[in-house]
Amino acid sequence: MTLIRRRALAAGVLAAPFVNAGTARAQASRPIVLVVPYAPGGGTDLTAREFAHTFSEALGGQTVIVENRGGAAGHIGSVGVSRARPDGNTLLFAVSTNLVVNPHMQRDGIDLLQVLAPVAQITSYQYVLVIDPRLPVNTLQELIAYARSKPKGELTYSSGGVGNANHLAGVLFSDAVRIEMEHVPYRGTGPALLDVVAGRITMNFSSPPPAIQLAREGRLRAIAVTGDNRIGTLPEIPTLAQAGLPGVSITGWHGIFAPAGVPADQMDRLERAARQAAATQRFAGRLEQDGLEPSPVRPRAEWFNAVREEHGFWARKIRELDLKLE
């Protein structure tokens, strides 16, 4: 995730032992478990399930099973993958905050950049600010004025957990417009959004896939998007800057990670297949429909260098914002 016009991602690849062809064939015959560290129904889950189809095809028909392991803003599932057997058959479908924010927020002291290895970046994306459509506001400026007219802390925003991108976006938004809102964490974006739909929560900074559909159905009202450009599937919705809040830009990415120690030839095979899957017309079309973008094409080592830079940025930002687990 990138904030305040700061764009950073990235890498390094761990050395791994040689594995013979027979072992590689045996591993390829086993299903790959692609772990989504959130509850079903959120943007990450929807994107991972679409990716799994093309990833399986790129792997020559090897079965890819999507498994949801939610909790602690994605940290539980991420740590679980790091402890899996390093054979390339258990992978993490991560969002940026899992790797670059959570290690600074959790109390277990686990630095996921040390125990996970990058396979490939899959997407880039921004967020959609959505609100309860029953609120008497239609624009960002009206929302800000409405919030300032209410008692401190009366407005709420939901997230997929403490340290999740939805949470951090809410913190930055609240700070930028000088209003105090109550943060309500959930075990994933899906349930966090449903309580906005139900009117129990005021707003959410959602990943695009679930927000776009719910906004089209009138069950949520989209107020702004958080990147530098409008989303093609929501062309009428302005960016934060266009809506009167310049200087704030929030973006993120999805990427595949494996437990550290997977043999180099297996990592190469997974990277090739992931790149091929992400470049297919089917997946690219789905990304456009869901308001996401294809990832930059770059080797996994270069990407991991960018992830390390973003990791360092968030170490400083979390201290500055005094963010803590609730």
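Now for a look at the structure at hand. (Residues numbered from 1 in each chain as written. Predicted model: local features only at pLDDT ≥ 70, side-chain atom pairs only at ≥ 80, totals over all residues. Heavy atoms only, no water.)

Overview of the overall build of the protein
Point 1. When its secondary structure is counted, the protein shows 13 helices and 11 strands.
Point 2. The C-alpha atoms of the protein give 19 Å as radius of gyration, which agrees with the globular expectation for 326 residues (20 Å, within 12%).
Point 3. Principal-axis analysis of the C-alpha atoms gives the protein an extent of 70 × 40 × 30 Å.
Point 4. Intrachain contacts of the protein at a sequence separation of at least 6 include 81% that bridge at least 24 residues.
Point 5. Seen as two clouds, the 33 positive and the 29 negative side-chain charges of the protein have centres 2 Å apart. (Helix = DSSP H or I, 4+ residues; strand = E, 2+ residues; numbered from the N terminus. Rg over C-alpha atoms; globule rule 2.2 N^0.38 Å. Contact = heavy atoms within 4.5 Å. Lys, Arg positive; Asp, Glu negative; His and termini not counted. Charge placed at Lys NZ, Arg CZ, Asp CG, Glu CD.)

Digging into the packing of aromatic side chains
Point 1. Summed over the entire model, instances satisfying the criterion amount to nine aromatic pairs.
Point 2. Plain terms: the ring middles of Phe313 and Trp314 are 5.5 Å apart, the flat faces sit at 75° to each other, and that makes the pair edge-to-face. Residues Phe313 and Trp314 agree in their burial class; the two are buried.
Point 3. The rings of Phe51, Phe55, Phe93 and Phe283 are connected pair by pair, giving a single aromatic cluster. (Phe/Tyr/Trp six-rings, centres within 6.5 Å; stacked < 30°, edge-to-face > 60°. Buried < 20%, exposed > 50% of the residue type's maximum accessible area, 1.4 Å probe, protein only.)

Looking at the pattern of salt bridges
Charged atoms that come close allow side chains of opposite charge to pair.
Point 1. Following the criterion strictly, the structure yields 13 salt bridges and no others.
Point 2. Salt-bridge contacts for Asp87 lead to Arg30; the nearest nitrogen and oxygen are separated by 2.6 Å. Of this pair, Asp87 sits in the loop between α3 (75-82) and β3 (90-95) while Arg30 sits in the loop between α1 (21-28) and β1 (32-36), placing them 57 residues apart in sequence.
Point 3. The exposure class assigned to Asp87 is buried, which follows from its relative accessible area of 5%.
Point 4. Between Asp45 and Arg49 there is a salt bridge, with its nearest N and O atoms 2.9 Å apart. Separated by four residues within a single helix, Asp45 and Arg49 lie in helix α2 (residues 43-58), roughly one turn from each other.
Point 5. Classification of Arg49 as partly exposed rests on a relative accessible area of 33%.
Point 6. Here the salt bridges share partners, and the residues they tie into one network are Glu50, Arg282, Arg286 and Asp290. (Salt bridge = Lys/Arg side-chain N within 4 Å of Asp/Glu carboxyl O.)

Points about the pairing of strand β8 (residues 203-206)
Point 1. Residues Met203 and Phe205 point to one face of β8 and Asn204 and Ser206 to the other, with burial holding for every one of them.
Point 2. Both strand β5 (residues 128-131) and β8 contribute to a ladder of four bridges, which runs antiparallel. Across the sheet, residue Val128 finds its bridge partner in β8, namely Ser206.
Point 3. Bridge count for strand β6 (residues 156-159) against β8 is two bridges, and the pairing is parallel. (Pairing = 2+ DSSP bridges.)

Let's talk about helix α7 (residues 140-148)
Point 1. Among the residues of α7, Leu140, Leu143, Ile144, Tyr146 and Ala147 are the ones counted as buried. The arc that holds every buried residue of α7, seen down its axis, measures 165°, which confines them to one face.
Point 2. Considering only its buried residues, α7 is in contact with β5, α8 (165-177), β8 and β9 (221-225). (Arc of directions from axis to C-beta.)

Let's talk about α8
Point 1. Here α8 spans 18 Å end to end across 13 residues, near enough to the 18 Å set by a 1.5 Å rise per residue.
Point 2. For α8, the set of buried residues is Ala165, Asn166, His167, Leu168, Ala169, Gly170, Val171, Leu172, Phe173, Ser174 and Val177.
Point 3. Two or three places before Asn166, at the start of α8, stands the capping residue Asn164, its side-chain oxygen 2.9 Å from that residue's backbone nitrogen.
Point 4. Backbone geometry just downstream of α8 places Arg178 in the positive-phi region, at approximately 60°. (Expected span 1.5 Å × (residues − 1). Polar contact = N/O pair within 3.5 Å; in protein donor to acceptor, adjacent residues only side chain to side chain.)

Comments concerning the nonpolar core
Point 1. Membership of the largest hydrophobic core comes to 85 residues, with the highest contact counts inside it found for Phe51, Phe55, Leu99 and Phe173.
Point 2. Not counting chain neighbours up to four residues away, the residues in contact with Leu99 comprise Leu92, Ala94, Leu112, Leu113, Leu116, Trp253, Phe257, Val307 and His311.
Point 3. Core analysis: the second largest hydrophobic core is formed by 18 residues, Leu193, Ile201, Leu214 and Ile237 among them. (Core = buried A, V, L, I, M, F, W, Y, C linked by side-chain atoms within 4.5 Å.)

Quick look at the sheet that holds β3
Point 1. Ordered in space as β2-β1-β3-β10-β4-β11, the six strands form an open sheet in which the pairing is mixed. Every interior strand has two partners, whereas the edge strands, β2 (64-68) and β11 (293-294), have only one.
Point 2. Across the sheet, α2 is in contact with β1, β2, β3, β4 (116-126) and β10 (251-259); its angle to β2 comes to roughly 165°. (Axes fitted to C-alpha atoms, helices over the stretch in contact; angles between N-to-C directions.)

Things to note about unusual backbone geometry
Point 1. Although it is not a glycine, Ala72 adopts a positive phi angle of roughly 55°.
Point 2. Within the element layout of this structure, Ala72 appears in the loop between β2 and α3.
Point 3. The exposure class assigned to Ala72 is partly exposed, which follows from its relative accessible area of 34%.
Point 4. Even without being a glycine, Ala73 presents a positive backbone phi close to 55°.
Point 5. For Ala73, the location among the structural elements is in the loop between β2 and α3.
Point 6. Ala73 gets classed as buried once you look at its relative accessible area, which sits at 2%.

Here we look at the side chain of Asp290
Point 1. If you trace the backbone, Asp290 turns up in the loop between α12 (281-289) and β11.
Point 2. What makes Asp290 buried here is its relative accessible area of 8%.
Point 3. Those residues in contact with Asp290 that lie beyond four places of it in its chain are Pro208, Pro209 and Ile212.

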